[in-house]
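# Working through the structure, step by step
Residue strings, one per chain:
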Amino acid sequence: ADCRYTCHQECCSLIQLDCRRPGQCQSQLSPESTFVPPCSQNVTQTVEEEKPEPPTVQEIKQKIEKYNAKVTNCLLMKLNDDGTYTGFIKVHLKLQRPVTVPAGIRPQSIYDALKEVNLAEMTDKRTSFYLPLDAIKQLHISSTTTVSEVIQGLLKKFMVVDNPQKFALFKEMRKDGQVLFQKLPLTEYPLYLRLLAGPDTDVLSFVLKENETGEVEWDAFSIPELQNFLMILDKEEKDKIQQVHRKYERFKQRLQQTLKEARGKPG
C-alpha cells in the first residue's frame, strides 16, 4: 500500500519488505495493490552461480612467494600464522569535486598517529578545497581489509570529513591500449586483487573517485558545503570567462596587426 511493490499474486506471502507498517503487504493488501498475472508453471528455476572455493593457505603462500619474486622495491607481502596476509596498495586520488576538511587545526604529529587522535573532532569549523589531482597514497592493509575500510582509511589520512558514501574505489586496468575502470563493491578485498594481478601497477591499479550514481545526491551535503560549492563554481565561471576574453583579445590583436602590415600592398 505504501511502496506499491509489484509481485505475482501467489508470491505475495513470500515477500519480506522492510515496511513502515509490518504485515501491510501480506495481510492488509489494498485494492490498489498491483499484481502481475501468475506466470506459467513451466518455468526453469534460476540456479545460483557457484562461487569459487577460497584458496587454501598453501595456495596463498605460493601466490605470495610468486608475488614477492616480482617486487622491485621493499613493498613485500607477508603471510601470517593465521592464514591472513598483509601488504601494500597504492591508491590514485582522481577527485573532480572539492572535499570538506576541518579548518584551523595543526598538522598531525607522530604522537597523534600512534594514539590515533582524530584532529577533525577538535573543531566544528569546516572548509572545502580540491585535493591535488592524481595524488597517490600508499596504504598498508590486510587481506581482510575491505573496500569500505580502505575508503574510510584514505579519508581519515587526509582528514576529509565528507560522508564516505560520496566516494567509490575503482580498479583501473589497461587492455589493448585502452584504460578500463570498474567500480569495486564495498565488500571486495583490494589486497587479494593486488595479489592476483601482481605488483605491476600497469596491469592493475586502484583509483578513488566520486561515487557517481547518475545524479548528485545534494541532500548528502550540508549547507556550508553547498555554499562553498557555489563560491568555487562562481570562481571557475569567472576564470573561464576571462580565458575566453583573453583568447579573442589576442586573436583581435593579431588580426589588426596583419591588416596593418597588409596596407599599401597589392591584393
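Data block above holds the structure.
Note that this is a predicted model, so its numbers are computed, not measured.

## Description of the side chain of Glu-210
By secondary structure assignment, the location of Glu-210 is in strand E10 (residues 204-210). We note that Glu-210 is buried and unpaired, the nearest opposite charge coming from Arg-97 at a distance of 4.7 Å. From its side chain, Glu-210 meets the backbone nitrogen of Arg-97 in a polar contact 2.8 Å long. Not counting the four nearest positions on each side in its chain, Glu-210 is found in contact with Lys-94, Leu-95, Gln-96, Arg-97, Lys-166, Phe-167, Ala-168 and Phe-170.

## Quick word on the nonpolar core
One finds Ile-89, Val-91, Phe-167, Leu-169, Phe-206 and Leu-208 to be the most contacted residues of the largest nonpolar core, which totals 31 residues. For this core, the element with the highest residue contribution is helix H4 (residues 147-157), accounting for 5 residues. When sequence neighbours within four positions are dropped, the list of residues in contact with Phe-167 reads Leu-95, Val-99, Ile-151, Leu-155, Val-160, Asp-162, Leu-208, Lys-209, Glu-210 and Asn-211.

## A short note on the pairing of strand E4 (residues 85-93)
For E4, a buried count of 7 out of 9 residues is recorded, marking the element as mostly surrounded by other parts of the structure. Summarising the sheet, strand E3 (residues 78-79) and E4 pair through 2 bridges and their orientation is antiparallel. Within the sheet, the bridge partner assigned to Leu-79 lies in E4 and is Tyr-85. The loop that links E3 with its antiparallel partner E4 comprises 5 residues; one of these, Gly-83, has a positive phi angle of about 95°. Of the strand pairs in this sheet, E4 and E10 are connected by 3 bridges, and their pairing is parallel. Along E10, the bridge assignment pairs His-92 with Val-207.

## What to know about the pattern of salt bridges
This model, assessed by the stated rule, comprises 4 salt bridges. A salt bridge links Glu-172 to Lys-94, with the nearest nitrogen and oxygen atoms 3.4 Å apart. Within this pair, whereas Glu-172 is found in strand E8 (residues 167-175), its partner Lys-94 is found in the loop between E4 and strand E5 (99-102), the two being separated by 78 residues in sequence. Given the relative accessible area of 6%, Glu-172 is considered buried. Where Arg-174 meets Glu-172, a salt bridge forms, and the shortest distance between an N and an O atom there is 3.2 Å. Beyond isolated ion pairs, a larger network of salt bridges with shared partners links Lys-94, Glu-172 and Arg-174.

Analysis parameters
Residues numbered from 1 in each chain as written. Predicted model: local features only at pLDDT ≥ 70, side-chain atom pairs only at ≥ 80, totals over all residues. Heavy atoms only, no water. Helix = DSSP H or I, 4+ residues; strand = E, 2+ residues; numbered from the N terminus. Buried < 20%, exposed > 50% of the residue type's maximum accessible area, 1.4 Å probe, protein only. Lys, Arg positive; Asp, Glu negative; His and termini not counted. Salt bridge = Lys/Arg side-chain N within 4 Å of Asp/Glu carboxyl O. Polar contact = N/O pair within 3.5 Å; in protein donor to acceptor, adjacent residues only side chain to side chain. Contact = heavy atoms within 4.5 Å. Core = buried A, V, L, I, M, F, W, Y, C linked by side-chain atoms within 4.5 Å. Pairing = 2+ DSSP bridges.

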